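These are the residues of each chain, in order.
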Amino acid sequence: MLLAINDADKYKYTAKPNPVVGAILLKEESIISSGYHEQYGCNHAEINAIENAKKNIGKMFKDFSELTLICSLEPCSHVGKTGSCAHKIVESGIKNVIVGSIDPNPKVSGKGIKILKDNDVNVTSGILDELVEQQNKSFFFKHRNKRPYITVKIASSKDGKSHYPNISQTVITCKESKKDVQIVRANHDAILTGGNTLRNDNPRMNARVHFSLNQPKKILLTNKSFDSTYNFFKDNHVDIHKTKNLDKIIKSYYRDEITSILVEAGPKLVNSFLKANLIDELIVYRSNIELGSDGVDWFEDNNAIEKYDFKLESSCRIDNDIKEIYKK
């Protein structure tokens, strides 16, 4: 199970917004084949493991009934972009299945296992389920909280400032921090910003990395019109919301496949998310530069994030900057 979980992680940037899943077929102590959910919209892990095992029929085993399937997440019961994995397992003749975690998606939860049991397949579940949930934290969070996991990323001066007023762009953090931000973007299903950031910075807000990935979807909150020449509209489709009801906007994505949203915006929109209690994680890239009293504070209420019930989880140095991660 640990091998299935670890190896599945290789595909976290191409399987998203789906969860990563690993599957291994065993005959006693010998691994016959493995399979992973490698690409969004393509075969799930169990199907790949079964297809790969077929190459070894007559060499390493005679019949699928001899094999045990280890799968990190409950096999799906419904038909979406691919067929039902639970039914495929039954059709293969596999008689023993070990599951890491029950799928939190109500379309699947418990139903995949029921299909297996109803067809005389022995099922054991709950093996390293905490690791599976940790690996797919935003997927589990979404289905338990009926909204995506929200991360806010900010660049802050040493004295907690965002920028100088009346200046189009204030550069605070170093190049290495900006590179690290690309990885943060790559880890999210969508990136959200506001009209002021679009107008002032004209950002592209894609993940500029040197590996294959499914680029984050883009979400824009604005009541003004923008033409398509802005960098933000390049690469992929943009959802535009003109309502100011953040709770309604975020909860609307429960029916979408998006499980995590990265907010990259100015103090006004960030504080609106704070007041709406819609931030689960805050990433601060803090430079050693001070902007002084003329700088605009990132946070209201004495500029202290701890007043919003966040706790510092980790801190590390990136060149001259400090990266801090706060969680609720």
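What counts and what doesn't
- Residues numbered from 1 in each chain as written.
- Predicted model: local features only at pLDDT ≥ 70, side-chain atom pairs only at ≥ 80, totals over all residues.
- Heavy atoms only, no water.
- Pairing = 2+ DSSP bridges.
- Helix = DSSP H or I, 4+ residues; strand = E, 2+ residues; numbered from the N terminus.
- Axes fitted to C-alpha atoms, helices over the stretch in contact; angles between N-to-C directions.
- Salt bridge = Lys/Arg side-chain N within 4 Å of Asp/Glu carboxyl O.

Quick notes on the sheet that holds strand β9 (residues 238-241)
In a beta sheet, neighbouring strands pair by backbone hydrogen bonds and run either parallel or antiparallel. One open sheet holds the 8 strands; their spatial order is β9-β8-β7-β10-β6-β11-β13-β12, and the pairing between them is mixed. With one partner strand each, in any of the chains shown, β9 and β12 (311-318) form the two edges of the open sheet. Pairwise comparison of adjacent strand axes, ignoring direction, gives a mean angle of 20 degrees for this sheet. Here 4 bridges tie strand β6 (residues 149-156) to strand β10 (residues 260-263), and the two strands are oriented parallel to one another.

Here's the deal with the pattern of salt bridges
One pass over the structure, following the stated rule, counts 18 salt bridges. With its nearest N and O atoms 3.9 Å apart, the salt bridge here joins Asp7 to Lys10. If you follow the salt bridges from partner to partner, you end up with Lys153, Arg185 and Glu264 in one network.

Things to note about the sheet that holds strand β1 (residues 22-27)
In space, the 5 strands of this open sheet follow the order β2-β1-β3-β4-β5, with mixed pairing throughout. On the outer flanks of this sheet lie β2 (30-36) and β5 (122-125), each paired with one strand and no other. On average, each strand axis in the sheet is inclined to that of its neighbour by 20 degrees, with strand direction left out of account. In this structure, strand β4 (residues 96-101) lies alongside β5, joined through 4 bridges in parallel fashion.

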